[in-house]
Protein chains: 2
Amino acid sequence: MYEQVRALIERENLLDPGKDVLVGVSGGPDSLVLMDILDRLGYALVVAHLNHSLRQEADEEAREVQRISESRGLKFISEVKDVASYAAQNSLSIEEAARIVRYEFLFRQAALHKVQAVAVGHTADDQVETVVMHMLRGCGLAGLRGMQLCALPNHWSQEIALLRPLLAFWRDEIIAYCERHRLKPIFDRSNFENTYFRNRLRSDLIPYLERYNPAIKQVIWRMANVLAGDHLVLEQVIKAAWKTCVISHGQDFVIFDQLALLKQPVGIQRGLLRHGINLLRPGLRDIDFQSIERALNFTISPTQTGQMDLISGLRLSLEGNQLILADWDAPLTRGEWPQVTLHESIILETPGQMQLKDGWVLHSERVKDLVTAFRQATMNEDAFQAWVSTDNLSAPLLLRTRKPGDRIQPLGMKEHSVKLSEYMINLKIPRRVRDAWPLITTNGDIVWAPGIALAHPYRLKESTRQAVYMQLYKMES
Amino acid sequence: MYEQVRALIERENLLDPGKDVLVGVSGGPDSLVLMDILDRLGYALVVAHLNHSLRQEADEEAREVQRISESRGLKFISEVKDVASYAAQNSLSIEEAARIVRYEFLFRQAALHKVQAVAVGHTADDQVETVVMHMLRGCGLAGLRGMQLCALPNHWSQEIALLRPLLAFWRDEIIAYCERHRLKPIFDRSNFENTYFRNRLRSDLIPYLERYNPAIKQVIWRMANVLAGDHLVLEQVIKAAWKTCVISHGQDFVIFDQLALLKQPVGIQRGLLRHGINLLRPGLRDIDFQSIERALNFTISPTQTGQMDLISGLRLSLEGNQLILADWDAPLTRGEWPQVTLHESIILETPGQMQLKDGWVLHSERVKDLVTAFRQATMNEDAFQAWVSTDNLSAPLLLRTRKPGDRIQPLGMKEHSVKLSEYMINLKIPRRVRDAWPLITTNGDIVWAPGIALAHPYRLKESTRQAVYMQLYKMES
């Protein structure tokens, strides 16, 4: 076992012989064996013991781990934490609270002592139990692969690896090693780490499964091992897809390209959404199946409101083809859309240049060459420019924002008008930018809604004698 | 349910309304519901029933399915097969034999009737049982994803899809549907398909797991669903990697580029090896974990013999950087290496051109410009050409193949010679081409082993007065 761990560390390049390693030691057989092997391999160890204040013997155990460490000349550190209170305060199970408090302690000390890695004594049995536990609770590939031999970055650190050198060894081997090397574990495995649920798995469920396949533990261990490889490949693919599917992302938002996202296979779509959620909510451990499926459905066919409450205070919304995952109150990309703040309508000067918000400019000029303008207008496909006939205007052109009841008769629609609000929805103009959208009107009528439509009655005809050319554009900043 | 199946078929584009569908109907509730829904959706159905001759009531059941089909005006076909004998003859479990015989029947009839797809009535419960069964036996992603909604190509056909439109529906819903639509299943689910093992899962293991998580069936079903997406992504990645890692493949061999393969993440390496085995052994259902791991290990550090017995009569061997997966008796790529068939040594004519096998040519000429030749020889890095000093030859140059005890003193090795056989092993020359490798000798000594080494004593020196230039090359075919 000593030899196997040595070979493993070498083959996987897990540890640098010159740097310290922090080893978490409860005093149970697993961590004791780990400490023994790493010590004999010559690593400079910092032995870290957390007293969870959960058992009467806890203080005595801490002293015993200290005694063992010091008898070997190893640096020893310990801390007392009230796990039960922490669990109560944070509505966590004791097991979950102990896990968080313990790793927080180990990695805090690891940073303090500038070690290269934190090593913990999880065994193959722990691995099988973890996988079965994940499976019972519901999981995907990330859960089925179980714990990693080497996790870097991990939930606790970007720089200090979390190592589990005993992950390939069974409890029997650990016990045999203890006997062979005269290690005296100071308590057995029925400790606080082994809550009711985990104990039930070990003493009840796994033996039950062994009636179906006596090698079930090996089978599950191997499965996890193979799936870890598959998971790694998938992560790489998702990383590559991230580059083509994400337009931008920041502290509180990720903007996906909806169409690029939909071109990906569904497995990648799930991975990208999951990765996005992880970025914005790094603390969130369980992203449930249903949330991801709802997000997928929304991406394919968004709800009427164009947004949905996703998970943990995150909103998913669709603006044009931008699928935005963000905090509910993230400011997002308002500058992408033309917006104007007005208390009342203002007269549009022609010729003229008007500065709107975020670098948007409304430009207007009188048309001189009506023949050319007519040809250009007929072929125009850019909704942000318009040629407007001013032959029949009875009032000046005004710039204003929308009012309830606004209607528009889009170019080509000869018989009737439509509600501006519905037309905006159809064009997928985000709800939050509709109110401040600039509109050109006259006498209450919409003449041109830039980026949306020119009104049919104000189009340029061959017979038009007077016209204005208008353009709305965003200056490069 | 009717509506959901309709929507599913439309969304996933499973069926073309204009073409016939073959539906496998045992007479149990699942297949009866499937038939009913597809019939009501307006598909032209061919109802296929296999009489497995396993139960006393089998004949009567076949007649009943026929009666139901004909009362609906559906085409009906059936066949009688002795599954028990088939199982005995092929050393299969009854369940496995029934599965093979049944699908063979369904797809044979499907091809005959030119239908677009074979539809079978597997339910969500079947899916969960399948996943659990795979898990107990040991599996990877392919097994954990369970059965596919639409499998094309599948084990039985390259063109006719295997559909499972009820895979998202639970048994309870099936039974409720039967009652609501007054369908009368002619036998319940405790039929031959449900062998001891599967029955134990259903009546024993799954209820047991429900004590840990009452929603375990939903959890496993969803997990399979998500993993199916992951599997698809992985398959695509493996397909892409196949192009960069496979040099060539044929009926009985796949040649991987060892170095390209080793550059891939281990998940892809596993997938490529697995895919290679599948290509050569399409019938092989279970490729076990250990075989793949042994193959991976061999790829990293090949055995002394350069080959290993892999699985199902397949051999893995390494020749140079070519990792060859092949039938034990596949002829492979012998033409890549120079080979000669000789009964006795033959005199090498200088100048001369000698045709060896597979387009290899041994060319020789007298050296005219010894100064230039000396410079070229000093810088030569191509073991397939040589400048040989003929100053001290006491006998002619001969072409022959190796003999027991042959030794060579490779260029630069001033003091001693080595066994030719060991030297060939070190250079990773495949065992099977060593015996017919062409050698240039004189007086029993090896002068030049083309592609291997020039003998030190026969090298060109500054003082050399007579020399021969030789080259061994392969003509482009």
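Note that this is a predicted model, so its numbers are computed, not measured.

It is worth spelling out the pairing of strand β1 (residues 21-24) of chain A at this point. All names here are of chain A. Of the two faces of β1, the one lined by V21 and V23 and the one lined by L22 and G24 are each fully buried. Sheet topology places β1 next to strand β4 (residues 117-119); 3 bridges connect them, and they run parallel. Bridging across to β4, V23 finds its partner in A119. Strand direction decides the pairing type here: β1 and strand β2 (residues 45-51), joined by 4 bridges, are parallel. Across the sheet, L22 pairs through a bridge with V46, a residue of β2. This β-α-β element, β1 to helix α2 (residues 29-40) to β2, shows right-handed connectivity.

Now for the interface of chain B and chain A. Across the contact, 39 residues belong to chain B and 39 residues belong to chain A. Of the roughly 3,500 Å² buried between chain B and chain A, counting both surfaces, carbon and sulfur atoms make up 69%. Contact with chain A buries area across many residues of chain B, yet L136(B), Y212(B) and F289(B) alone supply 18% of it, more than any other trio. Where chain B touches chain A, the interface holds 7 residue pairs in polar contact (both at pLDDT 80 or more). Residue assignment for the side of chain B that touches chain A shows that the elements contributing at least two residues are α6 (124-137), α7 (141-144), α9 (196-210), α10 (216-245), α12 (266-280) and α13 (289-300) of chain B. For the side of chain B that touches chain A, a count of residues per class yields 23 nonpolar, 8 polar and 8 charged.

Turning our attention to the sheet that holds strand β9 (residues 307-311) of chain A. All names here are of chain A. Taken in spatial order, the 5 strands make up an open sheet running β7-β8-β11-β10-β9, and their pairing is antiparallel. Each of the sheet's edge strands pairs with one partner strand only, and the pair in question is β7 (246-250) and β9. Strand-to-strand twist across the sheet, computed as the mean angle between neighbouring axes with direction ignored, equals 15°. The pairing of β7 with strand β8 (residues 253-257) spans 4 bridges and is antiparallel. Residue S248 lies in a different strand from β8, and its bridge partner there is I255. Along the sheet, helix α13 (residues 289-300) contacts β9, β10 (314-319) and β11 (322-327); its crossing angle with β9, the most-contacted strand, is approximately 160°.

Looking now at unusual backbone geometry. Omega for the peptide link from L152(B) to P153(B) comes to -5°, which places this bond in the cis form. The residue after T350(B), namely P351(B), is reached through a cis peptide bond having omega -5°. Residue placement: P351(B) occurs in the loop between β12 (346-347) and β13 (352-355). For S312(A), which is not glycine, the phi dihedral falls at a positive 55°. Its location among the elements puts S312(A) in the loop between β9 and β10. Of the residues examined, S312(A) reaches a relative accessible area of 38% and is grouped as partly exposed. With a phi angle near 55°, N443(A) is a residue other than glycine that sits in the positive phi range.

How each quantity is defined
- Residues numbered from 1 in each chain as written.
- Chains lettered and ligands numbered in written order.
- Predicted model: local features only at pLDDT ≥ 70, side-chain atom pairs only at ≥ 80, totals over all residues.
- Heavy atoms only, no water.
- Buried < 20%, exposed > 50% of the residue type's maximum accessible area, 1.4 Å probe, protein only.
- Helix = DSSP H or I, 4+ residues; strand = E, 2+ residues; numbered from the N terminus.
- Pairing = 2+ DSSP bridges.
- Right-handed = clockwise from strand over helix to strand, strands pointing away.
- Contact = heavy atoms within 4.5 Å.
- Buried area = accessible area lost by both parts, 1.4 Å probe.
- Polar contact = N/O pair within 3.5 Å; in protein donor to acceptor, adjacent residues only side chain to side chain.
- Nonpolar A, V, L, I, M, F, W, Y, C, P; charged D, E, K, R; others polar.
- Axes fitted to C-alpha atoms, helices over the stretch in contact; angles between N-to-C directions.

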